[in-house]
Amino acid sequence: MSNRLAVEKSPYLLQHAHNPVDWYPWGEEAFARARQEDKPVFLSIGYSTCHWCHVMERESFEDQEVADILNRHYVAVKVDREERPDIDHIYMQACQAMTGQGGWPLTVIMTPDKKPFFAGTYFPKHNKYGRPGLIDLLQQIARLWREDRESLLSLAGQVVQEVYRADGRTADGGLSQAFLERGYHILAQTFDRRYGGFGGAPKFPAPHNLIFLLRYAALFEEPQARHMAEVTLQAMYRGGIHDHIGFGFARYSTDEQWLVPHFEKMLYDNALLAYAYLEAYQATRRTFYAQVARQIFQYVQREMTSSEGAFYSAQDADSEGVEGKYYTWAPDEVLKVLGQEAGGEFCRLFHITERGNFEGKSIPHRIVPYPDPEEGWQELMDDSHPFLSQDRQRLLAARLRRVPPYKDDKVLTAWNGLMIAALARGAFVLDEPFWAEMAGRAVDFIWEKMRRPDGRLLARYRDGQAAYPAYLDDYAFLVWGLLELYQATWQTGYLRQAVQLHRDMSALFEDENNGGFYFTAVDSEELLARPREIYDGATPSGNSVAICNALRLYSLTGDDSFQEQAARTLRAFASQVDQYPAGYCFYLLGLLQHLYPGPEIFMALPEQQAGHVAAQPLRELLRQAYLPGAVVAGAYTHGQYTELAELAPTLANRRPKDGQPSVYMCREQTCLPPITTVAQLAQELGISV
């Protein structure tokens, strides 16, 4: 048995291709049938590694009784939220307007003209967990559709108005340091001093909040802000949300201690967390944070990188139908691999016990009640227990022989952009050229396989097919990655691509009347609304990333239009952000950069090899310095200067002084004479040598 989803590329849709439900993919065919047969549309949105999506499929969508009701009274439509975030955005807003909450699986019932009148998340087949059963709901709504349709249509009209009101249109507001201060104080009030993070369970990593705290601490000399970021970064590493055997982080913790994760691993979480740990390393010089970033990249290289260099999307929480089975251990399993002595010590360090901490087995962790970053962080490092690295490798080899969790192997432009940014930042900060090569391969893949002949970026690639016109996040996140890669390699081609894509993004998405960017482009499918998102969810808002990109492009190119665009976008959302600044931390990063721009640094290198060798101490200082908001560029060949003359004329005029490597630094519209000595550069950067 198969349905219309069998010809789709989405792993999530293919998981439902053999349900008895007569599923349609999103498209005019489904809505035309609903109009013709006068039926409401049952819309189900999820993603392939969603645990409760799997549960709802097993309980309901594989069940003939449920399928018969859906097929008789509804037209059923399936959507992969990772392929169609535009649809997900709209109907998640509707769900939140109706219920005050949201999540996945997202369940929506609507009119044939796409207006929702019922929404929720997971529903069991029959009443349980305090939730109504799906069968009862479907039968009641089918009856109302026949007998009291006017009330449903009236409700749909009200919901649509709420969606219109929530589409991000806000009054132009003023910009001030007060936003930054209030954002910090809100985070301080919700900070969990015992286990790190903010608020209670469930806890999400929210790395953009931590990056904001680190930069706020550096700019305003506020040690408590850095303390909150460090406690959280260390607590997450200690917890079960971190994979202590194979590395990488799960999506979130179901408890306040970071012990029991929701076990799926998402590419975007690991990209943003790697970036946050690198930022912490720069801010503190503690090698522990660099080590965590290295481990994340090891995981991504091993598990999440295609043979062509692109990055996969996610790994499932379940294996063999059991959540977390792949990641949990019993003591005898560890002892069998490591032996009595080493195995016993490993179990002690990682709290692997006979009793267990998750369904009879143990999630490895190193949680302590109060992770003070000023005390005890050294013992987290592998070199404090020399055997750990070898033992982990042996346990990983044993784990790789287990049935692995399902891997969603589609390639998403936006999430690849985030990993490109993280790898490139790691390549620069830790002097690891291989990571820049990994990032560059992903860029090449996107450029070659995920663009139309006219240059229009596409959002998803899988099984030889690229599809869906890219959304704002795809453009903004990829531009971020390209700017980081330019800073890491000084290959001018990446700057050219970043400028081109940002300008394409502006033409496709910018709201010229009100400022800011729509999530969907002028050539996208028309939906109920065209939202402008600024709130940070699991990933930062595309508008906020676009602000930061524009400011960096201004610093690099000197083109005033980039700075004007950033200021216009900041003002467009100011009144919305003013209501709760801590919910918009990536916007606050853009505001920090706008109000307190970092230095502009350019290193001019002689083309000869001797000049490169002489430049190494200068480059090392630039890697060491924590300079939030700075741009670091450079050139060392005639070809690079030729390209820069077109892209960034000011930079192209900066040449080596007297044939020596020379650093040009500008702050607050004031430029210093070229710097050629380590002592002089260290003094300007505030680094002791």
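Residues numbered from 1 in each chain as written. Predicted model: local features only at pLDDT ≥ 70, side-chain atom pairs only at ≥ 80, totals over all residues. Heavy atoms only, no water.

> What is the right way to read the layout of surface pockets from this model?
Over the atoms, a rolled probe matching the size of one water molecule traces out where space is still vacant. Quantified by volume, the second largest pocket comes out at close to 460 Å³. Residue lining of the second largest pocket: 24 residues in total, with Tyr 554, Ser 555, Glu 600, Cys 666 and Gln 669 positioned closest to the centre. For the lining of the second largest pocket, the secondary structure elements donating two or more residues are helix H20 (542-557), helix H22 (585-595), strand E16 (600-604), strand E17 (631-635), helix H25 (649-652) and strand E18 (662-667). Per element, the largest residue contribution to the lining of the second largest pocket is 5 residues, and it comes from H20. In the lining of the second largest pocket, the residues fall into 10 nonpolar, 10 polar and 4 charged. (1 Å grid on protein atoms, 1.4 Å probe; cavity = no way out; pocket = protein on both sides within 12 Å on 5 of 7 lines; lining within 4 Å. Points joined across faces, edges and corners; volume = space filled by probe spheres on them. Helix = DSSP H or I, 4+ residues; strand = E, 2+ residues; numbered from the N terminus. Nonpolar A, V, L, I, M, F, W, Y, C, P; charged D, E, K, R; others polar.)

> Could you clarify how one ought to interpret the sheet that holds strand E9 (residues 314-315) in this entry?
Read from one edge of the open sheet, 3 strands run E8-E9-E12, paired in antiparallel fashion. Looking at the sheet topology across the chains shown, the edges are occupied by strand E8 (265-266) and strand E12 (407-408). Bridging between E8 and E9 involves 2 bridges; their strand directions are antiparallel. Paired with Lys 265 across the bridge in E9 is Gln 315. (Pairing = 2+ DSSP bridges.)

> Hey, could you run me through the packing of aromatic side chains in this one?
By convention here, two paired aromatic rings are described through the distance between centres and the angle between planes. Within this structure, the stated rule accounts for 33 aromatic pairs. Lying across the ring of Phe 350, Arg 366 places its NZ or CZ 5.3 Å from the centre. Above the ring of Trp 490, the side-chain terminus of Arg 619 is found at 4.2 Å from the ring centroid. (Phe/Tyr/Trp six-rings, centres within 6.5 Å; stacked < 30°, edge-to-face > 60°. Lys NZ or Arg CZ within 6 Å of the ring centre and 35° of its normal.)

> For this particular structure, what's the right way to read the nonpolar core?
What tends to happen in soluble globular proteins is that the nonpolar side chains get buried as a cluster. Residues Phe 212, Tyr 277, Tyr 587 and Leu 685 are the most contacted members of the largest nonpolar core, which totals 197 residues. Ranked by the residues each element gives to this core, the list is headed by helix H16 (residues 413-430), at 13 residues. Among residues more than four places away in sequence, those in contact with Tyr 277 are Leu 233, Met 236, Tyr 237, Phe 249, Tyr 289, Val 292, Ala 293 and Ile 296. The next biggest cluster of nonpolar side chains, apart from the first, holds 27 residues, and it includes Phe 31, Leu 43, Met 92 and Val 160. (Core = buried A, V, L, I, M, F, W, Y, C linked by side-chain atoms within 4.5 Å. Buried < 20%, exposed > 50% of the residue type's maximum accessible area, 1.4 Å probe, protein only. Contact = heavy atoms within 4.5 Å.)

> Would you mind showing me how to read the pattern of salt bridges here?
Pairing between side chains of opposite charge can happen when their charged atoms approach one another. All chains considered together, the criterion is met by 52 salt bridges. Arg 33 is paired through a salt bridge with Glu 37; the nearest N and O atoms lie 3.2 Å apart. Here Arg 33 and its partner Glu 37 are both found in helix H2 (residues 28-37), 4 residues apart, which amounts to about one turn of the helix. Exposure remark for Arg 33: the relative accessible area of 17% places this residue in the buried category. We note a salt bridge from Lys 325 to Glu 320, for which the minimum N-O separation is 3.3 Å. Salt bridges linked by common partners bring Arg 4, Asp 22, Glu 29, Arg 33, Glu 37 and Lys 39 together as one network. (Salt bridge = Lys/Arg side-chain N within 4 Å of Asp/Glu carboxyl O.)

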